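Now for the letters of each chain:
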Amino acid sequence: MSFDSISDRGLVILGCGRMGGAILQGLLQGGLPAKSVWVITPHPSDWLQASGVHLSTDLPDNPAVVLLAVKPQMMADALSQLSTMRTGDTLFVTVAAGITMEGYARMLGDQTRLVRAMPNTPSAIGRGVTAIVGNPKATAQDLDIAQELMSGVGQVVRLENEEQINAVIGVSGSGPAYVFHLIEVMAAAGEAEGLAPDLALQLAKATVGGAGALAEQSDETPSKLRENVTSPGGTTAAALNVLMDPDTGMAPLMRRAVAANIARNRELGK
Ligand SMILES: NC(=O)C1=CN([C@@H]2O[C@H](COP(=O)(O)OP(=O)(O)OC[C@H]3O[C@@H](n4cnc5c(N)ncnc54)[C@H](OP(=O)(O)O)[C@@H]3O)[C@@H](O)[C@H]2O)C=CC1
Ligand SMILES: O=C(O)[C@@H]1CCC=N1
């Protein structure tokens, strides 16, 4: 990775919890010098304190990039800490759900160059996927910089418009939670059928992890991979009859879950 402008002018990270921390870790591993990073976060972890970044010190007044990684509900308060910064030349990259570009224009001014990025928690192990979209002031170079920042923690895809970010949150931003829940319910079903809890959990985790890796690495579609498991008239077919029921199966359930996610995201944006 090349971080020339960030190395020269600095990166400020506002909020260094799960997501901000994962991104910072990816950037440092990718070669960004710790001395180019300023972090504002109320309770820095031991790892952060040992990382060599600037903590609780004066901020550069014209950093190349500010990464916003606080909870949406904290954003307005948190941004007030940047009031001494000249924001004209600085690119803002935000990972917060809910807050729209219009909302940022109200808080930061309508001249601010801003990229919304929506990562997910597998970023913590470099296996995230992030979707990015720029506001009307963001340049092609700004999108390249945001892509470079986020590629430290996994794949990056680009969106055509801001509206699409809602569906991204519903699918991949929140999606790891759905998959973790799948592990929980598969393990619980195994336990209910007589497996020891640890063994049921091991089987469920290895199955979801292995199937996910196979789906990513295989040239076959997920539908074909599913068919490969399913012997006609066999045990998998019996289970899929339940899971693929058009009225009560996973498809209508997932549709409702993603719709609820998007509705909440719109509420947060108000
Ligand atoms: N978790 C996820 O799966 C995803 C999260 N996001 C978005 O990422 C953002 C952060 O989420 P996540 O990392 O999970 O949350 P965390 O709570 O883990 O991180 C938020 C961090 O912000 C810090 N913080 C709180 N107030 C301030 C402040 N005034 N100034 C600076 N820092 C502050 C918190 O500190 P402390 O806890 O010490 O108070 C915490 O370390 C959210 O906007 C969320 O929408 C996006 C995609 C996926
Ligand atoms: O639950 C949330 O609001 C955030 C956004 C995507 C994942 N976590």
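Each chain carries its own residue numbering, running from 1 in the direction its sequence is written. Chains carry letters from A onward and ligands carry numbers from 1 onward, assigned in written order. It should be noted that, the model being predicted, local features are given only for residues of pLDDT at least 70 and side-chain atom pairs only at 80 or more, the latter also being counted only at that level, while totals for whole chains, interfaces and linings use all residues. By convention in this description, side-chain values take in all heavy atoms of the structure and omit both hydrogens and water.

The next subject is the overall build of the chain. Numbering of helices and strands starts at the N terminus; helices are DSSP runs of H or I of at least 4 residues and strands are runs of E of at least 2. Along its length, the chain carries 12 helices and eight strands. For the chain, the spread of C-alpha atoms along the principal axes amounts to about 65 × 35 × 35 Å. Partly exposed describes any residue whose relative accessible area lies between the buried limit of under 20% and the exposed limit of over 50%, with all areas from a 1.4 Å probe on protein chains only and scaled to the type maximum. The buried share of the chain, taken over its 270 residues, is 39%. A contact between two residues is defined here by any heavy atoms of the two lying within 4.5 Å. Across the chain, contacts joining residues at least 24 apart in sequence account for 61% of those joining residues at least 6 apart. Accessible surface for the chain amounts to roughly 14900 Å². Of this, 56% is attributable to carbon and sulfur atoms. We treat Lys and Arg as the positive residues and Asp and Glu as the negative residues; His and chain ends play no part in the count. Think of each charge as sitting on NZ of Lys, CZ of Arg, CG of Asp or CD of Glu. In the chain, which carries 19 positive and 26 negative side-chain charges, the distance between the mean positions of the two groups comes to 4 Å. To measure how exposed things are, a 1.4 Å probe is used in the Shrake-Rupley method; for residues, cover is taken only from the protein chains shown.

We call a residue near a given molecule or strand whenever any one of its heavy atoms falls within 4 Å of it. Around ligand 1, 22 residues are found, and the nearest of them are Arg18, Met19, His43, Val70 and Gln81. We define a polar contact as two N or O atoms separated by no more than 3.5 Å, with the added condition that, inside protein, one atom must be a possible hydrogen donor and the other a possible acceptor, whereas residues neighbouring each other in sequence contribute only through side-chain atom pairs. For ligand 1, an oxygen atom lies 3.3 Å from a polar atom in the backbone of Gly17. For ligand 1, whose accessible area on its own is 880 Å², the fraction buried by protein is 79%. Side-chain classes follow a simple rule in which Ala, Val, Leu, Ile, Met, Phe, Trp, Tyr, Cys and Pro form the nonpolar group, Asp, Glu, Lys and Arg form the charged group, and the remainder, Gly included, forms the polar group. Looking at side-chain class alone, the shell around ligand 1 contains 14 nonpolar, six polar and two charged residues.

Here we come to the pairing of strand β8 (residues 154-158). For two strands to pair, DSSP has to find at least two bridges joining them. Sheet analysis places strand β7 (residues 128-134) next to β8, joined by five bridges and oriented parallel. Within the sheet, the bridge partner assigned to Ile132 lies in β8 and is Arg158. By convention, orient the strands away from the viewer: a clockwise path from the first strand over the helix to the second makes the crossover right-handed. Tracing the backbone out of β7, into helix α6 (residues 140-151) and back to the parallel element β8 gives a crossover that is right-handed.

Looking now at helix α9 (residues 197-217). An ideal rise of 1.5 Å per residue puts 30 Å on 21 residues; α9 measures up with 30 Å between its terminal C-alpha atoms. Check the buried side of α9 and you find it contacts α8 (175-192). Here a helix's expected span is defined as the number of its residues, less one, multiplied by 1.5 Å.

With that out of the way, let us pick up the site of ligand 2. With respect to spatial proximity, the complete set of residues near ligand 2 consists of Ala97, Gly173 and Ser174. When ligand 2 is considered free in solution it has 250 Å² of accessible area, and contact with the protein chains removes 47% of it.

Residues given the UniProt feature "domain: Pyrroline-5-carboxylate reductase dimerisation" (unreviewed entry) here are residues 162-268. Helix makes up 79% of residues 162-268 and strand 0%. Its end C-alpha atoms lie 15 Å apart. UniProt positions are given in the numbering used here, feature names are shortened, and annotations may be inferred rather than shown by experiment.

Per the annotation, domain bounds derive from an automatic or database assignment of domains. Parsing the chain into structural domains produces domain 1 (4-165) and domain 2 (174-269). Between the C-alpha centres of domain 1 and domain 2 the distance comes to 32 Å. Across the boundary between the two partners, domain 1 contributes nine residues, which contact eight residues of domain 2. Buried area is a sum: the accessible area each of two parts loses on coming together, probed at 1.4 Å, counted once for each and added. Across the domain 1 to domain 2 interface the summed buried area is about 670 Å²; carbon plus sulfur atoms make up 42%. The largest contributions to the domain 1 side of the interface with domain 2 come from Gly98, Arg127 and Glu163, which together make up 41% of the buried area. Salt bridges, as used here, are contacts in which a Lys or Arg side-chain nitrogen is within 4 Å of a carboxyl oxygen on Asp or Glu. Across the domain 1-domain 2 interface, the total number found is two salt bridges. A salt bridge links Glu163 to Arg266; the nearest nitrogen and oxygen atoms lie 2.4 Å apart. Scanning the region where domain 1 abuts domain 2 turns up four residue pairs in polar contact (both at pLDDT 80 or more). Residue composition of the side of domain 1 that touches domain 2, by class: two nonpolar, five polar and two charged.

Confidence of the predictor at the level of single residues is captured by pLDDT, which takes values from 0 to 100. On average, residues of the chain carry a pLDDT of 94, and 99% of them reach 70 or more. Two summary scores accompany this predicted model of the complex, namely pTM at 0.93 and ipTM at 0.97.

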